[in-house]
Amino acid sequence: MEDLYSLTKSIFSTQFLLKYHNGEEILIGIICLLIAVRAFRASGFKISPDRVKSSRIFLVGASFVILGSSSLIHAIIHATHSDLNLLYQTLMGYSLGLFILILAISVENPHTKIAIPLLYIPLLALLHPVAYEKFPVFGQFRPLVWILIAYLSGIVCMLYIGTFYRRRSKQFLFSAFGHLIICIGAIFLFFPAPIGSTIWLHGHIMRPLGFIILFFSMSRTELLKMEGSVLYRALAAFSILAAIPLLFFGTFVFYDNISPVTIIGRRFIIFLLLLITLISGLLFGLGMIIRLIRPILQLKNSVDGMVGEGMVTRIPIQSYDEIGELSNAFNEMLNRLDNAIEEQERMCRLAATGELAATLAHEIKNPLNAIGGAANYIGKHTKGSLVKEFVAVITSEVSRINNLTSTLLSFSKTTEPMPEPTDLNKLVKEALYLLSKESPELHVTLKEDLADDLPTVDCDYNQIKQVIINLLINALDAVDEYGLITVRSWHKKNKTYLAVEDNGKGISEEIIHNIFNPFFTTKTRGTGLGLAISKKIAREHGGDLTVESTPGKGSIFTLVLYG
């Protein structure tokens, strides 16, 4: 080591190494400020309504502003050959910047910590002679401050490794590696060593290298992916609380070397150390109970209430970490369970309606045919205009009722689908062609927006065509004169979508949940079975038929098929 020190001194003068050190601090300062600008741009330079994400990124930016400012002040102090006690301010600034970065990564509600970067303002008072001249000689406490910086950098490194396992993004591993190098560099600087020594060189080479890695790893994408975690908070809280008694003990050791303490004083210091350790342990345990155990018990009570008493209680979302995600998933499960129960009840009603419809249709059809046959016979064998007029009325109404019973039978006993590879776009074009004769007199525009690369779908050609025609007829009834109906098709994630959109009057929230129920209709004509049959066909194909509507703006019916 001495040989390397002598070689370094022979190649590089002390003046050159000091200039290198100044350049190193300036480089670190510029890198930190550039990262801060990147973070502020990602957060929009403001605290947006999405307070959690924007506040977290804002704190990251603020931490690097403090780190960068401290490095630039550090360089100025060395360049002007000022009192080295001024370095207390820069190293404490490093510590504050790293502490804020720990908060940005780990805290649950970062928007409540926005004011913490303002703590850097009181630190600027350490640049005044009245403050720094009262401090002990910097060289005596310098190692303690550097080991604090190393400790905080190590915590940030562990948090980034945890973030990698949570988000599965390799950029977080690179950031962890950058802080690890900064941590190792600070450990080297813990040892008092002359300029140009091996330890000095290692420390002052590794620090800028770590920040260069951070510059390339901390991209906008990484910043936007940062999330809080109960595990991060537990790790950060335990590490910081554990550091308090260690920092207290280290301060006492350094002070004792300067001014030896009496036996009574040592006993008092040991008592304070034990007390601080006990308080730190109690605070960590209390924080675990409040932040981790209590939400889990609340979730357990909700599950027990649902299973045992049938009481369905939503859990309020109070955090955005794993506990919050678990609570949100539980609430979503309850919502889906409610929807499934409602759907089951609807299907039971549909089944009962179908059975009743089939029974009525069969019971009505035979006497209906007899009435129709009798009316035809009377019309053929009886003279007189009045008789023929009544016979025409009877025949017309019998035909209408016969159509209704046929519809009821088709609803109650839908034919099993016979799937075959089908070009859905071709189906749409055929259905639009059939309706194009009706739309000109209504002055309704029929528009196509069909995907060119739409794959074929295994479905029953005639049944799906019936669904499309039903949707188009409903859209024609919904729009006014000079209305617009758009048919769109697209494919996404093994699903084929067909949407029929109109700019008509829309459907109110009061009735939108009933439109797929049989016999429900708001039209003066029709049986109210078209959408019920269409949804049934979609379900029997393994897909679904959904609706979105805005009163006064129109509706979108979307047919979803797999394939």
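Preceding this paragraph is the structure being described.
Everything numeric in this text was worked out from a predicted model, so none of it was measured. Counting from 1, residues in each chain are numbered in the order their sequence is written. Whole-chain, interface and lining totals are the exception, using all residues; otherwise, since this is a predicted model, local features are given only for residues with pLDDT of at least 70 and side-chain atom pairs are given and counted only at 80 or more. Hydrogen atoms and water are omitted, and side-chain values are computed over all heavy atoms in the structure.

Enquirer: I'm lost on the overall build of the chain in this one. Help?
Expert: The secondary structure listing takes helices from DSSP runs of H or I that are at least 4 residues long and strands from runs of E that are at least 2 residues long, numbered from the N terminus. If you tally the helices and strands in the chain, you get 18 helices and seven strands. Taken over 563 residues, the chain has a buried fraction of 42%. Any two residues having at least one pair of non-hydrogen atoms within 4.5 Å are treated as being in contact. Taking contacts inside the chain between residues at least 6 apart in sequence as the whole, the part at least 24 apart equals 76%. Per element, the accessible surface of the chain, about 30500 Å² overall, is 65% carbon and sulfur. Throughout this description, buried means an accessible area under 20% of the type-specific maximum (1.4 Å probe, protein chains only), exposed means over 50%, and partly exposed covers the range between. Shrake-Rupley sampling with a 1.4 Å probe provides the accessible areas, and residues are treated as covered by the protein chains on show and by no other component.

Enquirer: What's the story with the nonpolar core in this structure? I'm lost.
Expert: Proteins that are soluble and globular tend to have nonpolar side chains buried together. Membership of the largest hydrophobic core comes to 59 residues, with the highest contact counts inside it found for Val-60, Phe-64, Ile-149, Phe-211, Met-218 and Leu-223. For this core, the elements supplying multiple residues, two or more each, are helix H2 (14-43), helix H3 (51-79), helix H4 (87-106), helix H5 (120-123), helix H6 (129-132), helix H7 (138-167), helix H8 (170-190) and helix H9 (198-217). Considering each element in turn, this core owes the most residues, 15 residues, to H7. When neighbours within four sequence positions are excluded, Ile-149 is seen to be in contact with Leu-91, Tyr-94, Ser-95, Leu-98 and Ala-186. Counting residues in each nonpolar core, the second largest holds 37 residues, with Val-428, Ala-475, Phe-516 and Leu-531 among its members. Put simply, buried Ala, Val, Leu, Ile, Met, Phe, Trp, Tyr and Cys residues joined by side-chain atoms within 4.5 Å make one nonpolar core.

Enquirer: Which parts of the structure should I look at to understand the packing of aromatic side chains?
Expert: Both the distance between ring centres and the angle between the ring planes are used here to describe each pair of aromatic rings. Note on aromatic contacts: the rings of Phe and Tyr and the six-membered ring of Trp form a pair at centre separations within 6.5 Å, being stacked when their planes are under 30 degrees apart, edge-to-face when over 60 apart, and tilted otherwise. Inspection of the entire model under this criterion finds five aromatic pairs. With 5.2 Å between their ring centres and 80° between their planes, Phe-215 and Phe-216 make a pair best called edge-to-face. In this structure Phe-215 comes out as partly exposed when scored by relative accessible area, which is 23%. Residue classification places Phe-216 among the exposed positions, given a relative accessible area of 63%. Pairing Trp-490 with Tyr-497 gives two aromatic rings, centres 5.2 Å apart and planes at 5°, and the pair type is stacked. Here Tyr-497 falls in the buried class, since its relative accessible area comes to 18%. Taking NZ or CZ as reference, Arg-38 lies 4.8 Å from the ring centre of Phe-215, over its face. Consider the ring centre and the ring normal. A charge sits over the ring if Lys NZ or Arg CZ is within 6 Å of that centre and within 35 degrees of that normal.

Enquirer: Teacher, can you tell me more about H7 here?
Expert: Each α-helix winds once per 3.6 residues, and so residues spaced three or four apart point in a common direction. In this scheme, a helix's expected span is set at 1.5 Å multiplied by one less than its residue total. Here H7 contains 30 residues, and its C-alpha end-to-end distance of 42 Å stays within 8% of the 44 Å for a straight helix at 1.5 Å per residue. With its phi angle positive at about 55°, Arg-168 sits one or two positions after the end of H7.

Enquirer: I tried to follow the environment of Ala-431 on my own but got confused; where do I start?
Expert: With respect to the helices and strands, Ala-431 occurs in helix H15 (residues 424-436). Each C-alpha atom, one on Ala-431 and one on Ile-468, is 6.9 Å from the other, the two residues being 37 residues apart in sequence.

Enquirer: Looking at this structure, how should I read the side chain of Ser-175?
Expert: Mapped onto the elements of the fold, Ser-175 is located in helix H8. Accessibility expressed as a relative area gives 0% for Ser-175, which makes it buried.

Enquirer: Sorry, what's going on with empty space enclosed by the protein here?
Expert: Over the atoms, a rolling probe the size of a water molecule traces out where space has been left empty. Lining residues are those with an atom within 4 Å of a point, where the points come from a 1 Å grid over the protein atoms alone and group into cavities, where a 1.4 Å probe fits but cannot get out, or pockets, open sets with protein on both sides within 12 Å along at least five of seven lines. Grid points are joined across faces, edges and corners, and a volume is the space filled by probe spheres set on the points. Applying the stated criterion across every chain yields a total of one cavity of 30 Å³ or more. Looking at the largest cavity, its volume works out to about 60 Å³. Every residue along the wall of the largest cavity is listed here: Leu-67, Tyr-94, Leu-98, Ile-149, Ser-153, Ile-182, Arg-207 and Phe-211. Of all the secondary structure elements, the ones that give two or more residues to the lining of the largest cavity are H4, H7 and H9. Among the residues making up the lining of the largest cavity, the classes are represented as six nonpolar, one polar and one charged. For this classification, the nonpolar set comprises Ala, Val, Leu, Ile, Met, Phe, Trp, Tyr, Cys and Pro, the charged set comprises Asp, Glu, Lys and Arg, and every other residue, Gly included, is treated as polar.

Enquirer: Just checking my understanding: could you explain the pairing of strand E6 (residues 544-550) for this structure?
Expert: In summary, the side chains of a regular strand alternate between the two faces of the sheet. Side chains of E6 alternate between two faces, with Leu-545, Val-547 and Ser-549 buried and Asp-544, Thr-546, Glu-548 and Thr-550 left unburied. Any two strands with at least two DSSP-identified bridges between them are counted as paired. As paired strands, E6 and strand E7 (residues 554-562) are joined by seven bridges and run antiparallel to one another. What sits directly across from Leu-545, in E7, is Leu-559. Hairpin connection between E6 and E7: a loop of three residues separates the two successive antiparallel strands, and Gly-552 in this loop has a positive phi of roughly 90°.

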